[in-house]
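The primary structure of each chain is shown beneath.
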Amino acid sequence: MVDVGALVGGASGLVVGVLAWTQTRATNKRSDFTAITERLDQELKDERAQRKLLTSFVLDLLRWAQRVEPDTQAGPPPEPPAEMDLTPWRR
């Protein structure tokens, strides 16, 4: 016959293994969520900085355009800020 102690030990080992496995999955999900949110926060921060630079450049262009009249030489338009990322518009 099968030893009851062996069955109880095996069953408890199985239960402990399943609980450990689910806990590990939950921890992995939490760490994945944390990594994703940190990355999204950083991307949002970078995009806000780029939008701020783009807005300032557009305002500079508008100020330059207000000084230009049909018969006036206003000089070249202002250059964009050096830290502004223009790679999406350059080919």
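The following refers to the structure shown. (Residues numbered from 1 in each chain as written. Predicted model: local features only at pLDDT ≥ 70, side-chain atom pairs only at ≥ 80, totals over all residues. Heavy atoms only, no water.)

### Digging into the overall build of the chain
Then step 1. For the chain, the count of helices and strands is one helix and zero strands.
Then step 2. With the C-alpha coordinates of the chain rotated into their principal frame, the extents come out at 110 × 25 × 15 Å.
Then step 3. The buried share of the chain, taken over its 91 residues, is 5%.
Then step 4. Working note: accessible area of the chain is about 8200 Å², and carbon and sulfur atoms make up 61% of it. (Helix = DSSP H or I, 4+ residues; strand = E, 2+ residues; numbered from the N terminus. Buried < 20%, exposed > 50% of the residue type's maximum accessible area, 1.4 Å probe, protein only. Areas by Shrake-Rupley, 256 points an atom, 1.4 Å probe, with all protein chains shown as cover.)

### With respect to the pattern of salt bridges
Then step 1. Enumeration over the complete set of coordinates arrives at three salt bridges.
Then step 2. We note a salt bridge from Glu43 to Arg39, for which the minimum N-O separation is 3.0 Å. One end of the pair is Glu43 and the other is Arg39, both in helix 1 (residues 4–67) and four residues apart, which spans about a single turn.
Then step 3. Here Glu43 falls in the partly exposed class, since its relative accessible area comes to 39%.
Then step 4. Under the relative-accessibility criterion, Arg39 is labelled exposed at 57%.
Then step 5. The partner of Arg63 in a salt bridge is Asp60, and the shortest N-O contact between them spans 2.7 Å. Taken together, the residues Arg63 and Asp60, both in helix 1 and three residues apart, mark about one turn of the helix.
Then step 6. Since its relative accessible area comes to 32%, Asp60 is described here as partly exposed. (Salt bridge = Lys/Arg side-chain N within 4 Å of Asp/Glu carboxyl O.)

### Here we look at a nonpolar patch on the surface
Then step 1. On the surface, Leu54, Val58, Leu59 and Leu62 cluster together to form a nonpolar patch covering roughly 320 Å² of accessible area.
Then step 2. In this structure, Leu54 sits in helix 1. (Patch = residues over 30% accessible without salt bridge, like charges linked within 9 Å, V, L, I, M, F, W, Y side chains within 5 Å.)

### A short note on the environment of Ala26
Then step 1. Within the secondary structure, Ala26 sits in helix 1.
Then step 2. Accessibility expressed as a relative area gives 29% for Ala26, which makes it partly exposed.
Then step 3. When the C-alpha positions of Ala26 and Gln42 are compared, they lie 24 Å apart, and in sequence the two are 16 residues distant.

### A look at the environment of Thr72
Then step 1. Inspection of the secondary structure assignment puts Thr72 in the segment after helix 1.
Then step 2. The spacing of Thr72 and Gly9 is 63 residues in sequence and 93 Å in space, taken between C-alpha atoms.

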